[in-house]
Amino acid sequence: MEKLIITVAPTGSLPTKKVTPHVPITPEEIVRTAVACEAAGAAVIHIHARNPVDESPSTDFAIFEEIYLGIKAKTRLITQISTGGRAGMGYEARNERLRLKPEMASLTTGSVNFPNSVYENSPQLIEALAADMKRLSIKPEMEIFDTSMISNASALVSKGLAAPPLHFDFVMGLKGAIPATIENIVHLKNTIPPDATWTVAGVGPTQLSMNTHALLMGGHVRVGLEDNIYFSKGELTTNERLVERVVGLAGILGREIATPDEAREIMHL
Ligand code: ZN
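All values reported here derive from a predicted model rather than from experimental measurement.

Cut-offs and rules
Residues numbered from 1 in each chain as written. Predicted model: local features only at pLDDT ≥ 70, side-chain atom pairs only at ≥ 80, totals over all residues. Heavy atoms only, no water. Axes fitted to C-alpha atoms, helices over the stretch in contact; angles between N-to-C directions. Helix = DSSP H or I, 4+ residues; strand = E, 2+ residues; numbered from the N terminus. Parallel < 35°, antiparallel > 145°, perpendicular 65-115°, else oblique. Left-handed = near helix turned anticlockwise from the far one by under 90°. Contact = heavy atoms within 4.5 Å. Nonpolar A, V, L, I, M, F, W, Y, C, P; charged D, E, K, R; others polar. Core = buried A, V, L, I, M, F, W, Y, C linked by side-chain atoms within 4.5 Å. Buried < 20%, exposed > 50% of the residue type's maximum accessible area, 1.4 Å probe, protein only. Phe/Tyr/Trp six-rings, centres within 6.5 Å; stacked < 30°, edge-to-face > 60°. Lys NZ or Arg CZ within 6 Å of the ring centre and 35° of its normal. Salt bridge = Lys/Arg side-chain N within 4 Å of Asp/Glu carboxyl O. Pairing = 2+ DSSP bridges. Right-handed = clockwise from strand over helix to strand, strands pointing away. Donors = N, O, S within 2.8 Å, 3.2 Å for Na, K, Ca; no water. Tetrahedral: all angles 85-135°; square planar, octahedral: opposite > 155°, others 65-115°.

### As for the packing of helix H1 (residues 27–40) against helix H2 (residues 61–74)
Running from amino to carboxyl end, H1 crosses H2 at an angle of 30°, the nearest separation of the two axes being 9 Å. It follows from the interaxial angle that H1 and H2 lie roughly parallel. Here H1 and H2 pass one another in a crossing that is right-handed. Mapping the contact onto sequence places Pro-27, Ile-30, Val-31, Ala-34, Val-35 and Glu-38 in H1 and Ile-63, Glu-66, Ile-67, Gly-70, Ile-71 and Lys-74 in H2. Of the residues assigned to the contact of H1 with H2, the class counts are eight nonpolar, one polar and three charged.

### A few points about the nonpolar core
Counting residues in hydrophobic clusters, the biggest one holds 72 residues, and the most contacted among them are Ile-71, Met-142, Phe-145, Phe-168 and Phe-170. Tallying contributions element by element places H2 first for this core, with six residues. Apart from residues no more than four positions distant in its own chain, Phe-170 is found in contact with Ile-144, Leu-188, Lys-189, Ile-192, Trp-198, Thr-199, Val-200 and Ala-201. Core analysis: the second largest hydrophobic core is formed by nine residues, Ile-5, Ile-78, Ala-263 and Met-267 among them.

### Focus: the packing of aromatic side chains
All told, the structure shown has four aromatic pairs when counted by the stated rule. Here Tyr-119 and Phe-145 contribute two aromatic rings whose centre-to-centre distance is 6.0 Å and whose plane-to-plane angle is 70°, an arrangement assigned as edge-to-face. Taken together, the residues Tyr-119 in strand E6 (residues 118–119) and Phe-145 in the loop between strand E7 (139–144) and helix H5 (148–158) connect sequence positions 26 residues apart. According to the relative accessible area criterion, Phe-145 is buried, its value standing at 7%. Of the aromatic side chains, those joined through ring pairs into one cluster are Phe-114, Tyr-119 and Phe-145. Over the ring of Phe-61 we find Arg-99; its NZ or CZ atom is 4.2 Å from the centre of that ring.

### As for the pattern of salt bridges
Per the stated rule, a full pass over the model turns up 15 salt bridges. With a shortest N-O distance of 2.7 Å, Arg-264 and Glu-103 are connected by a salt bridge. Taken as a pair, Arg-264 in helix H9 (residues 260–266) and Glu-103 in the loop between helix H3 (91–95) and strand E4 (104–108) lie far apart in primary sequence, 161 residues in all. Judged by relative accessible area, which is 13%, Arg-264 ranks as buried. The residue Arg-222 makes a salt bridge to Asp-227 at a minimum N-O spacing of 2.8 Å. Linked through salt bridges whose partners overlap, the residues forming this network are Lys-72, Arg-76, Glu-103, Asp-261 and Arg-264.

### Notes on the side chain of Thr-197
Structurally, Thr-197 can be placed in strand E9 (residues 197–202). Its relative accessible area of 9% is what places Thr-197 among the buried residues. Discounting residues that sit within four places of it in the chain, Thr-197 has contacts with Glu-2, Leu-166, His-167, Phe-168, Ile-266 and Met-267.

### Considerations on unusual backbone geometry
Cis rather than trans, the peptide bond between Pro-164 and Pro-165 has omega equal to 0°. Take Pro-165: it is sitting in the loop between H5 and strand E8 (167–172). For Glu-55, which is not glycine, the phi dihedral falls at a positive 70°.

### Some remarks on the pairing of E7
Of all six residues that make up E7, six are buried, and the element is covered over most of its length. Across four bridges, E7 lies against E8 in parallel orientation. Looking at E8, one finds that Glu-141 is bridged to His-167. For the crossover that starts at E7, traverses H5 and ends in the parallel E8, the hand is right-handed.

### Some words on the coordination of the zinc ion
Protein coordination at the zinc ion comes from His-46 (NE2), His-48 (NE2), Glu-226 (OE) and Glu-226 (OE), with a distance range of 2.1 to 2.7 Å. Geometry at the zinc ion is irregular, judged from its four donor atoms and the angles of 52 to 129° they form at the metal. For the zinc ion, the single-chain donor residues occur in sequence as H-x1-H-x177-E. In this pair, His-48 is assigned in the loop between strand E2 (44–47) and H2 and Glu-226 in the loop between strand E10 (220–223) and strand E11 (230–232), connecting sequence segments 178 residues apart.

Right, here's the structure in full:
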């Protein structure tokens, strides 16, 4: 079986220091987390920026740049910048960060009803972001919150806006998106193109079970406080501890861990 690529999503848009003291918010904290997670076995880091003052999601290019340059200087990790945005953030607010030319960027190929808001990704926005990534040689990670988003991703290939082999991340178990079940992983895996690579991110308490299924099925995994802040019920965790746990599981189940350079080969970066 292919070596296991571990992606860490350490920050996201939601958790604050009040919710968990372990979430890295400032560029310095995020870079320190990157170093620790690389040492623990991660190959990819999925990056969000926050306003240092109130911890709200930020679209500030300078903050993304500080995080990106810090991680590049101190690790070999593949940097994957999120192009996600909260309600009201348009194309201009979400594409500027691509100027940094990270190796990867996330691209959500459809809209989702989050518990209290709409995560809006219009066909025009998706195509514009895909075109930017293609022009800048950034590999998109197709963020799949529902099966229909797979066909939307494949349509980008037909339109010449993305190049195969595609890489997918199945975001499962979020209220309003596809439920976190084995049957759904099998279905998603069977729906993507045969040459595509895939990662599974389980939200909240589903992270561990979804990671384990993916590990056994030959997929890759995403962990991190963006998706889940607990190690077990009621016990908060750090990002590096979540990476270490997956490395331990992979060892027990006989799956080797991909270094960042091996991950580059597997995903054709
Ligand atoms: Zn994200």
